[in-house]
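Residues per chain, in single letters:
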Amino acid sequence: AAKLGGKDRIVRFDAGLRAAADRHRELAAGLRRALRDGELTLHYQPVVRLADGRITAVEALLRWHPPGGEPIPPAAFIPVAEATGLIVPIGRWVLRRACAEAREWHERDGVAVTVNVAAHQLREPDFADDVRAALAAAGLPPSALVLELTESALVREAEAAARLGPLRADGVRIAIDDFGTGYSSLAYLAHLPVDVLKIDRAFLATAVDTPLMRAILQLAEGLSLQTVAEGVETQAQAAALRALGCDGAQGYLFSRPVPAGAVPPLLRGLELGAARTG
Ligand code: C2E
Ligand code: MG
Ligand code: MG
Ligand code: MG
């Protein structure tokens with residue numbers, strides 16, 4: 001095998017960095033165009049109540065399909081959107097779109113819509129006004145909206161997080177996304193303005209019934225938080241979570257994220273079939 005000299009390695013490293021920087025710039029320019037030209041859409045994934053298998057909410061998830069290209073996954077473009085600040089106008093678009101699309105689902109089936117919010121958005125002084133405007137424009141009641149923030153966003157933006165107070169007073173609920181992957185300071189949790197704990201799918205990588213999972217569910221109960229397990233892929237996981245008292249679940253077992261047009265059939269239960277737990 002060829003032995004890499006130090007010099008070669010530096011050249012390769014530089015080339016790698018340059019390629020990453022080029023990719024970053026390309027994605028940033030692409031995203032700006034995507035927002036302007038309407039290349040972004042939302043898919044929705046149901047959140048299911050484990051007690052009876054009913055869909056209580058749908059999570060809005062951004063999709064980007066550049067014309068003539070391959071779809072680009074959120075894991076590739078969300079970090080670029082955050083680094084460039086583009087997440088602020090994109091996030092505003094997501095909020096408006098999700099509220100508008102969810103209005104009739106809420107009216108007919110009572111489901112809520114959950115929207116991911118980046119730390120950067122929380123730093124905007126008019127964030128709460130944007131949320132209220134999106135609700136008003138859609139005619140959606142505040143109680144039908146859940147905002148998902150990561151633990152680290154809520155902890156790092158503690159001051160900004162205080163802006164969530166008035167929205168919560170309106171009836172908007174706040175969820176901690178990917179719980180257990182961030183700061184995980186349990187003491188802190190009691191002070192965060194949250195209503196729902198979304199347990200990261202990393203906790204389902206091994207057995208579901210672990211001391212850690214029991215501790216999280218117990219903590220949530222002590223703090224009167226709703227619990228939703230993310231990334232549920234098997235019937236056995238759903239059954240174990242239900243037995244442990246977890247309130248809700250989300251994952252491929254119930255449905256992959258689907259385009260808006262496919263949501264009403266899901267809500268009518270046509271597509272859930274055997275995946276129903278209740
Ligand atoms: P998230 O908010 O934790 O969303 C859940 C992710 O897990 C989604 O990936 C979903 O497709 C995926 N997922 C759902 N069920 C399963 C399962 O059973 N197994 C596995 N392996 N994965 C499952 P997606 O759509 O690729 O989104 C990735 C992340 O991008 C989201 O994680 C969220 O952090 C971010 N994101 C997506 N849309 C938005 C948005 O509108 N705004 C912001 N700020 N972030 C967003
Ligand atoms: Mg989420
Ligand atoms: Mg999540
Ligand atoms: Mg997650």
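Residues numbered from 1 in each chain as written. Chains lettered and ligands numbered in written order. Predicted model: local features only at pLDDT ≥ 70, side-chain atom pairs only at ≥ 80, totals over all residues. Heavy atoms only, no water.

Chemist: Mind showing me how you'd approach the coordination of the magnesium ion (ligand 3) here?
Modeler: Note on metal geometry: ideal angles are 109.5 degrees for four donors arranged tetrahedrally and 90 or 180 degrees for six donors arranged octahedrally. Looking at the magnesium ion (ligand 3), one finds its protein donor set to be D177 (OD), D178 (OD) and E230 (OE), positioned 1.9 to 2.5 Å from the metal centre. Motif for the magnesium ion (ligand 3), donor spacing along one chain: D-D-x51-E. For D177, a relative accessible area of 7% corresponds to the buried category. (Donors = N, O, S within 2.8 Å, 3.2 Å for Na, K, Ca; no water. Buried < 20%, exposed > 50% of the residue type's maximum accessible area, 1.4 Å probe, protein only.)

Chemist: How do you make sense of the coordination of the magnesium ion (ligand 2) when you look at a structure like this?
Modeler: Within the protein, the atoms that donate to the magnesium ion (ligand 2) are E59 (OE), N116 (OD1), E148 (OE) and D177 (OD), at distances of 2.0 to 2.2 Å. Look at where the donors of the magnesium ion (ligand 2) fall in the sequence and you get E-x56-N-x31-E-x28-D. If you look at the magnesium ion (ligand 2) and the magnesium ion (ligand 3), they sit 3.6 Å from each other and are both ligated by D177. Of this pair, N116 sits in strand 3 (residues 112–116) while E148 sits in strand 4 (residues 145–150), and the two are 32 residues apart along the sequence. (Helix = DSSP H or I, 4+ residues; strand = E, 2+ residues; numbered from the N terminus.)

Chemist: Where do I start with the site of ligand 1 in this structure?
Modeler: Close to ligand 1 lie 22 residues; R63, N116, D177, E233 and Y252 are nearest. At 3.1 Å, a side-chain N or O of E230 approaches an oxygen atom of ligand 1. With the chains in place, 81% of the 800 Å² that ligand 1 exposes on its own is no longer accessible. Every element with two or more residues in the shell around ligand 1 is listed here: strand 2 (55–64), helix 2 (74–84), helix 3 (87–109) and strand 5 (173–179). If one sorts the elements of the shell around ligand 1 by residue count, strand 2 sits on top with four residues. Per-class residue counts for the shell around ligand 1 are ten nonpolar, four polar and eight charged. (Near = heavy atom within 4 Å. Polar contact = N/O pair within 3.5 Å; in protein donor to acceptor, adjacent residues only side chain to side chain. Areas by Shrake-Rupley, 256 points an atom, 1.4 Å probe, with all protein chains shown as cover. Nonpolar A, V, L, I, M, F, W, Y, C, P; charged D, E, K, R; others polar.)

Chemist: Any chance you could explain the pattern of salt bridges here in plain terms?
Modeler: In a structure, side chains of opposite charge can pair up when their charged atoms sit close to one another. Taken as a whole and assessed by the stated rule, the structure comprises 15 salt bridges. Across the pair R23 and E26 runs a salt bridge whose closest N-O atoms are separated by 3.2 Å. Remark: E26 and R23 occur in helix 1 (residues 6–37); sequence separation between them is three residues, near one turn of the helix. Residue classification places E26 among the exposed residues on the basis of a relative accessible area of 51%. Across the pair R36 and D37 runs a salt bridge, and its minimum N-O distance is 2.9 Å. With a relative accessible area of 43%, D37 lands in the partly exposed category. A single network of salt bridges, built from pairs that share partners, joins E59, E148 and K198. (Salt bridge = Lys/Arg side-chain N within 4 Å of Asp/Glu carboxyl O.)

Chemist: Whenever I open this one, unusual backbone geometry confuses me. Can you help?
Modeler: Note: most residues except glycine have negative phi, and most peptide bonds are trans. Of note, the phi angle at D178 is positive, near 50°, even though the residue is not glycine. Phi at S224 is positive, roughly 55°, even though this residue is not glycine. Within the fold, S224 resides in the loop between helix 10 (211–222) and strand 7 (226–229).

Chemist: I keep staring at the pairing of strand 2 and nothing clicks. Help me out?
Modeler: Within a regular strand, the side chains alternate between the two sheet faces. Within strand 2, eight of the ten residues are buried, which leaves the element mostly enclosed by the surrounding structure. Note that strand 1 (residues 40–49) and strand 2 share nine bridges and pair antiparallel. Note on strand 2: the bridge partner recorded for P46 is V58. In this structure, the hairpin formed by strand 1 and strand 2 is closed by a connection of five residues, where G53 is found at a positive phi of approximately 75°. Here strand 2 pairs with strand 3 via four bridges, running parallel. Across the sheet, E59 pairs through a bridge with T114, a residue of strand 3. (Pairing = 2+ DSSP bridges.)

Chemist: I keep staring at the side chain of D200 and nothing clicks. Help me out?
Modeler: Positionally, D200 belongs in the loop between strand 6 (196–199) and helix 10. Here D200 occupies a buried position and makes no salt bridge, while the nearest side chain of opposite charge, R201, is found at 5.9 Å. For D200, the side chain forms a polar contact with the main-chain nitrogen of A202, separated by 2.9 Å. Not counting chain neighbours up to four residues away, the residues in contact with D200 comprise D178, F179, T181 and E230. (Lys, Arg positive; Asp, Glu negative; His and termini not counted. Contact = heavy atoms within 4.5 Å.)

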